[in-house]
Amino acid sequence: MEPLFEFQGWIKKAYRQGPIFGRYLKRLEESAQFSAEKLKRLQNRQLQKMVHHCYRNIPYYQDLFRQLKLTPAHIKTIDDLEKLPFMEKKIVNENYDKLIARRRKNILCRLGSTSGSTGTPAKFFRDYGSINFENAVVWRHWRNAGDFGKKRITLRGDSIVPASQNEPPFWKYNRANQELLMSGYHLSLANSASYIEEILRFQPEILYCYPSTAYLLAKFFQQQKVPYRFDAIFTSSESLEPHVRAYIEDVFESRIYDWYGQAERVVAICQCKAGGYHIQDDYSVVELKDSAYGQELVGTHLNNFVMPLLRYRTYDYVSPRTEACPCGSAFRLVDRILGRNYSYILTPEGYRISITNHIPRGVENLLETQFYQEKPGELIVNVLTNGHFSETDRALLVRNTLEHTSPQMNVIVNEVQGIPRGPNGKFISIINKLEVMN
Ligand SMILES: [Zn+2]
């Protein structure tokens, strides 16, 4: 056990589950029982508060309201939101400083950034209250599945041990959460026996993972004919395809509870005990905007006062479901979430890299970055630049790519005039023409 790591675990827990966390969780467990009517009243009340705050304290919205000749009196209900224009990542990047409430900025605020689905990272500021609120919503989701603080393994994209390490342990124990943090990066056929051995030793009841890491883990358990049962499996961050779900649930004799969210934290959708995907209507205001690809999720913050986003476009799409869910919740239902594309870069060592958002970080003059692979051991990085992309920028991009994929990778930076969008209009950060995961 590393004392520093353990200490950080406790600090993180104290911060994310601060004094207001408990109050939020209690309130959220109450509003989960609300009728649709009562939920709407709650949203309207919180929206009014947020709009007043934006009007008084945030330069970007002050200008916007002035231009549109609006005052908070014009936006009293969620139906009035359509008087405001949509917000998107580009606007956030161009107006970053003007979107921050100076008076709310303090040392307890944290910076978040978007994941790889956009190519160019965007930064978002979160305040202490909203971080605790987010965590309370996550806990409500876990508790719905019967997890009130069980032993768990986390197998996601976090950097747990150095990428260059090739001997176990590829994990660390976080005592604060009774959680074994396992590196998703190192999970490969060659290391699978050591992962299985450690899991059998630790005996976790909960698996918290990406669909892709859970799928791989299930493959290895099945290949080695080791039976294992989890009480619940929590997935997020990638699309969960029906055949992937069925396979994982079958191998681990467990139910998957999927979650959809995004770094901007404007929409949360989670799966209930009955399997329905519910928009968490007490988390934010979610509008469903018609489009050719389905209904786009557009979200308005109700809890982040340091950098609130009103009518933020996610470019993720859902198909709505009209029949009621047997669970009895009044939260709106959706059939499925489209647009969470999943792909990965395959390294010469056989690792699958699905998180690429940190690669372009720090590289100047880049507008968009896309990773393209069609030959083993080779990675093409398509870049759209602002025309000032220098040799230094290129060298840094190559260095970052090698560091986050593999030192053995042959990296080719390719300047392009534009990067075509995927079939649903969404940016695709990784295109892999190598064999697909089966
Ligand atoms: Zn339900």
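Residues numbered from 1 in each chain as written. Predicted model: local features only at pLDDT ≥ 70, side-chain atom pairs only at ≥ 80, totals over all residues. Heavy atoms only, no water.

**Structural notes on the overall build of the chain**
No. 1: Secondary structure assignment for the chain yields 10 helices and 20 strands.
No. 2: Relative to the 2.2 N^0.38 estimate, which gives 22 Å for 438 residues, the radius of gyration of the chain is 22 Å and therefore close to what a compact globule would have.
No. 3: Over its C-alpha atoms, taken along the principal directions, the chain stretches across nearly 65 × 55 × 45 Å.
No. 4: Split into buried and exposed, the 438 residues of the chain put 55% on the buried side.
No. 5: A separation threshold of at least 6 residues defines the contact pool for the chain, and within that pool the share at least 24 residues apart is 67%.
No. 6: Per element, the accessible surface of the chain, about 20500 Å² overall, is 51% carbon and sulfur.
No. 7: Counting 57 positive and 47 negative side-chain charges, the chain places the centres of these two groups 7 Å from one another. (Helix = DSSP H or I, 4+ residues; strand = E, 2+ residues; numbered from the N terminus. Rg over C-alpha atoms; globule rule 2.2 N^0.38 Å. Buried < 20%, exposed > 50% of the residue type's maximum accessible area, 1.4 Å probe, protein only. Contact = heavy atoms within 4.5 Å. Areas by Shrake-Rupley, 256 points an atom, 1.4 Å probe, with all protein chains shown as cover. Lys, Arg positive; Asp, Glu negative; His and termini not counted. Charge placed at Lys NZ, Arg CZ, Asp CG, Glu CD.)

**Here's the deal with helix α1 (residues 3–16)**
No. 1: In this model, α1 (14 residues) spans 20 Å end to end at C-alpha, consistent with the 20 Å of a helix rising 1.5 Å per residue.
No. 2: The set of residues buried in α1 consists of Phe5, Glu6, Gly9 and Tyr15. (Expected span 1.5 Å × (residues − 1).)

**As for the packing of helix α7 (residues 192–202) against helix α8 (residues 211–223)**
No. 1: It is the contact of α7 with α8, at a shortest axis distance of 10 Å, that shows an interaxial angle of 90 degrees. Between α7 and α8, the crossing angle belongs to the class labelled roughly perpendicular. The residues of α8 that touch α7, namely those facing Ser192, Ile196 and Ile199, are Leu217, Phe220 and Phe221. (Axes fitted to C-alpha atoms, helices over the stretch in contact; angles between N-to-C directions. Parallel < 35°, antiparallel > 145°, perpendicular 65-115°, else oblique.)

**Overview of the layout of surface pockets**
No. 1: Approximately 380 Å³ is the volume found for the second largest pocket.
No. 2: Elements supplying a minimum of two residues to the lining of the second largest pocket: α6 (128–144) and β9 (269–271).
No. 3: A per-element tally of the lining of the second largest pocket places α6 first, with 3 residues.
No. 4: Among the residues forming the lining of the second largest pocket, the class breakdown is 7 nonpolar, 7 polar and 4 charged. (1 Å grid on protein atoms, 1.4 Å probe; cavity = no way out; pocket = protein on both sides within 12 Å on 5 of 7 lines; lining within 4 Å. Points joined across faces, edges and corners; volume = space filled by probe spheres on them. Nonpolar A, V, L, I, M, F, W, Y, C, P; charged D, E, K, R; others polar.)

**Regarding the sheet that holds β9**
No. 1: Read across the open sheet, the 12 strands follow the order β4-β5-β3-β6-β7-β8-β9-β10-β14-β13-β12-β11; overall the sheet is mixed. Each edge of the open sheet is held by one strand with a lone partner, namely β4 (171–174) and β11 (284–291). For this sheet, the mean inter-axis angle between neighbouring strands, taken without regard to orientation, is 30 degrees.
No. 2: As defined by bridge partners, strand β6 (residues 206–209) adjoins strand β7 (residues 232–236) across 4 bridges and the pair is classed as parallel. Considered in β7, the bridge of Ile206 is made with Ala232.
No. 3: With respect to the sheet, α7 is in contact with β3 (152–156), β4 and β5 (179–183), its orientation differing from that of β5 by roughly 175 degrees.
No. 4: α8 contacts β3, β6 and β7 of the sheet and is inclined by roughly 130 degrees relative to β6. (Pairing = 2+ DSSP bridges.)

**Here's the deal with the domain arrangement of the chain**
No. 1: Parsing the chain into structural domains produces domain 1 (3–139 + 261–338), domain 2 (146–254) and domain 3 (345–432).
No. 2: Between the C-alpha centres of domain 1 and domain 2 there is a distance of 29 Å.
No. 3: Contact residues are listed per partner, giving 9 residues for domain 1 and 13 residues for domain 2.
No. 4: For the pair domain 1 and domain 2, the two sides together bury roughly 870 Å², of which 52% comes from carbon and sulfur.
No. 5: Summed over the three residues of domain 1 that lose the most area to domain 2, namely Phe5, Glu6 and Trp139, the buried surface amounts to 46% of that side.
No. 6: On inspection of domain 1 and its partner domain 2, the count reaches 1 salt bridge. (Domains from an automatic or database assignment. Buried area = accessible area lost by both parts, 1.4 Å probe. Salt bridge = Lys/Arg side-chain N within 4 Å of Asp/Glu carboxyl O.)

**As for the environment of Asn132**
No. 1: As for its placement among the helices and strands, Asn132 is situated in helix α6.
No. 2: Beyond its immediate chain neighbours, meaning those up to four positions away, Asn132 contacts Tyr15, Arg16, Gln17, Gly18, Ile20, Phe21 and Tyr24.
No. 3: A distance of 3.0 Å separates a polar side-chain atom of Asn132 from the backbone oxygen of Tyr128. (Polar contact = N/O pair within 3.5 Å; in protein donor to acceptor, adjacent residues only side chain to side chain.)

**Some remarks on the packing of α8 against helix α9 (residues 242–251)**
No. 1: For the pair α8 and α9, the least separation of the axes is 9 Å and the interaxial angle reads 45 degrees. By the criterion of interaxial angle, the relationship of α8 to α9 is oblique. Judged by the sense of rotation from one axis to the other, the crossing of α8 with α9 is left-handed. For the pair α8 and α9, contact is made by Pro211, Ala214, Tyr215, Ala218, Lys219, Phe221 and Gln222 and by Val244, Tyr247, Ile248 and Val251, respectively. (Left-handed = near helix turned anticlockwise from the far one by under 90°.)

**Thoughts on α6**
No. 1: Across its 17 residues, α6 extends 24 Å between first and last C-alpha, which sits within 8% of the 24 Å expected from 1.5 Å per residue.
No. 2: Counting buried positions over the 17 residues of α6 gives 15, a clear majority of the element.

**Regarding the coordination of the zinc ion**
The expected angle between donors at a tetrahedral four-coordinate metal is 109.5 degrees. At an octahedral six-coordinate metal it is 90 or 180 degrees.
No. 1: Here the zinc ion is held by Cys272 (SG), His278 (NE2), Cys325 (SG) and Cys327 (SG), and the distances to it run 2.1 to 2.3 Å.
No. 2: The coordination sphere of the zinc ion comprises 4 donor atoms, whose angles at the metal cover 105 to 115 degrees; the geometry is tetrahedral.
No. 3: On the primary sequence, the residues serving as donors to the zinc ion are separated as C-x5-H-x46-C-x1-C. Note that Cys272 is positioned in the loop between β9 and β10 (277–279) and Cys325 in the loop between β13 (312–320) and β14 (333–338), a separation of 53 residues in sequence. The burial state of Cys272 is the same as that of Cys325; both residues are buried. (Donors = N, O, S within 2.8 Å, 3.2 Å for Na, K, Ca; no water. Tetrahedral: all angles 85-135°; square planar, octahedral: opposite > 155°, others 65-115°.)

**Quick look at the pattern of salt bridges**
No. 1: With the rule as written, the count across this model stands at 24 salt bridges.
No. 2: A salt bridge links Glu134 to Arg265; the shortest N-O distance between them is 3.7 Å. With Glu134 in helix α6 and Arg265 in the loop between β8 (256–260) and β9, this pair connects stretches of sequence that are 131 residues apart.
No. 3: Residue Glu134 is classed as buried on the basis of its relative accessible area of 13%.
No. 4: Using a relative accessible area of 23% as the deciding quantity, one classes Arg265 as partly exposed.
No. 5: We note a salt bridge from Asp282 to Arg140, for which the minimum N-O separation is 2.7 Å. In this pair, Asp282 is assigned in the loop between β10 and β11 and Arg140 in helix α6, connecting sequence segments 142 residues apart.
No. 6: Residue Asp282 is classed as buried on the basis of its relative accessible area, which comes to 3%.
No. 7: For Arg140, a relative accessible area of 3% translates into the label buried.
No. 8: Sharing partners across several salt bridges, the network here consists of Glu88, Lys289, Glu296 and Arg313.

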